[in-house]
Structure formats: C-alpha cells, structure tokens
Amino acid sequence: MGKRASGKGFATLESVENSALEASLTLVGAGRRFPLVGGQSWAIGRGDGCAVQLDSRSVSRLHALIQRREAGDFSLVDLGSRNGSFVNGRRVSLPTVLNHEDRLVCGDQELVFQGAARRPAAADELSGADTRNLPTTALHMHTLTTIVVVDIRDFTPLARAVPEALLSQTIGTWFLRTGQIAQRLGSWAQRYIGDAVMAVWIHDNQSNLAPDLLRALRAVSEIDAVTGELHRALPLPGPLRIGAGVNTGPAMVGGTDFTALGDTVNAAFRLEAATKQLGLGVALGERTFDELKLGPPAPFERRQVELKGYDAPSTAWAVSFERLAEFLKQSLPAAGG
C-alpha cells in the first residue's frame, strides 16, 4: 500500500517508468496498459471514473474491483457484473488473489495481470511527507493502535437467499465503500475477512488519542450509513446491518503481510461479536472509552460482557448507531477527517 488515495480512491491511467517495479493490467489485443499505482482500489468497467475503463457493452459500468491487499499483493472482486469476471477461466464470486501473468476476463475483454516487486521508499521520497499511514515491512512491537472490526449481520442467510451474482456485487461494493471510508479517515491498513473488515489506526501522539479515536468512530458511523443504504441501489431483500467492535491497546504492526497482531486485535473481534449479546451496534473496549475523555452526558452504556477465550468478564462501553451518529455530530470539529 502507498499513500492514501485522493478523490474516489481510484488510480488514473498514466505512463509509468520502472515498469518492472509496478503492477499493471494490459488489455490483450490493444496493448493498452493500466498501471495499478497511487492507491488501494482500482475500478474496472466502462463507466466514467473507472481506472481500468473498457469500451465494450459486454462490460458493466462498474464491473469489478482490483484491491491492493495488506501483504502488497492484489485481489479481484467482481461487483455483480452482468457477464461475470473470470481469472484463468474460473468465475470470481469472492475476492480472488492474483498471481503474475494471470488472465482476467471481464465481459469480452481480456486483461493480463503483471505482479509488482515491492521496493522500499527512498529517503528523499519520504522527506517532508506524512508517513503516519504508510505501512512498513518491519514488524514493530507494542505499537499503540486502535482496531476496528466491522461485520455484516446475518450474512449466511443472505448468501442463501440471493443469487451468487448479487451476493458478489453486494460484498464487493461493501468492501469498496468501507475501505474508502476507513482510508479517508486515517486507517493505516484494512483487511477483508469473509464478510468482515478490520481497520487499523496507529497513534503517533499517545498523549492525545481522542482525535484519532473520534475519526475511527466516525468511520464506523459512516460505514453503518452506507451499509444501510445498499438495498436502495441493489435488489436486496432489505437493509443490511452491521456490528462493530473498537479496541485500543498495543499491537504488533507491519511485517510482510502489513497487518496487526496481538491481544488488542483479538479483543476487538470479540467485542464485535459481543454486540449481538448486548443488542447494540457498537462496543468499545475500556481503554478506547477512557481515552475519549468524555464528560457527561455520554451516550455509551457500561456493560459487562463475556468475551470468548477470556477467563473473566470484560468491561465494554456500548452504543447504538443512532446515538453514536448524534454524538459525532456534536463532536464533529474534534473528529476532523
């Protein structure tokens, strides 16, 4: 991953030097090359604004999505296209990791993927730049982080109730919009896990975490809003719902897979699962709540929860999405973003 993408989060077609160091798609027969640089997501389709724009009626306006993953490799997500997306002749339904020289077919258009050799940024490239969200291959111990885990509720019944193409479009669109929100609001990295997303915030200023935490909570609130609106754009049986766990503490971050590891991460996943017990949308860990330094009246409710894998009950601070949105409106100047 590189610096945060601007605008829609899509890279643009551009001439590229040092091609051996960069990933790209090449349109077979036409020789057009689309570099996959400058962002984390590139849309494939015939619509305006697509990074990989294909002029064919067999290609949907928003056909598929290339995502750069935390490990630096790339995956293809079909967005419920009319004619499907294929990798080496196999139809894509869930995110599929791409290998060098894989052949992608979208409609009647064939593309060849060239993988990238990741290179460390030179010192002069980073000089004066905001590096807070640049992942590193070095594994850093005990970095202070906030982990946000967001999961789609009742995904298994949904998968049984809708056609595969619609399910692909739903999960692909959700991944795209969720990732864009998290990235825009300062997330260091996002990991897509089945029907869930984990986003990581790294805290450089440990003496004043509240602004970072408000950005993370704002991301949770915006993700809830876009999730609830998906059924208006897609023929789903009804609105989708999510649950979210937010936990702050030390974690190991970086490494060759650009991820976060440790008890802080595990607890965030458990807090997300606990929202089902609590009957509320969001559960914060104790340190997350303490670092917000909220005065009364705060919308969060103190609850004791049983977290899977933990011997003793844990304290969680829970809130509905509606009350979280109201709280963030009042805190908007501090949330920034």
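What counts, and at which threshold
- Residues numbered from 1 in each chain as written.
- Predicted model: local features only at pLDDT ≥ 70, side-chain atom pairs only at ≥ 80, totals over all residues.
- Heavy atoms only, no water.
- Salt bridge = Lys/Arg side-chain N within 4 Å of Asp/Glu carboxyl O.
- Helix = DSSP H or I, 4+ residues; strand = E, 2+ residues; numbered from the N terminus.
- Buried < 20%, exposed > 50% of the residue type's maximum accessible area, 1.4 Å probe, protein only.
- Expected span 1.5 Å × (residues − 1).
- 1 Å grid on protein atoms, 1.4 Å probe; cavity = no way out; pocket = protein on both sides within 12 Å on 5 of 7 lines; lining within 4 Å.
- Points joined across faces, edges and corners; volume = space filled by probe spheres on them.
- Nonpolar A, V, L, I, M, F, W, Y, C, P; charged D, E, K, R; others polar.

Draft legend 1. Structural view of the pattern of salt bridges. In this structure the tally under the stated criterion is 11 salt bridges. Here Glu 222 ties to Arg 184 by a salt bridge, and the two come within 2.5 Å at their closest N and O atoms. Note that Glu 222 is positioned in helix α4 (residues 210-233) and Arg 184 in helix α3 (residues 164-184), a separation of 38 residues in sequence. The class of Arg 184 is partly exposed, set by a relative accessible area of 40%. Here Arg 303 and Glu 301 are joined by a salt bridge, their closest N and O atoms 2.8 Å apart. The class of Glu 301 is partly exposed, set by a relative accessible area of 32%.

Draft legend 2. Looking closely at helix α5 (residues 263-278). With 16 residues, α5 should reach 22 Å at 1.5 Å per residue; the first-to-last C-alpha distance of 22 Å fits that figure. Of the residues making up α5, those classed as buried are Thr 264, Val 265, Ala 267, Ala 268, Leu 271, Glu 272, Ala 274, Thr 275 and Leu 278.

Draft legend 3. Summary view of empty space enclosed by the protein. Going through the model one piece at a time under the given rule, you end up with two cavities of 30 Å³ or more. Roughly 50 Å³ of volume is contained in the largest cavity. Around the largest cavity, the lining residues are Val 148, Val 150, Thr 178, Ala 182, Val 197, Met 198, Ala 199, Trp 201, Ala 216, Ala 219, Val 220 and Ile 223. Going through the elements one at a time, β12 (139-152), α3, β14 (196-202) and α4 are the ones with two or more residues in the lining of the largest cavity. Here the residues of the lining of the largest cavity sort into 11 nonpolar, one polar and no charged.

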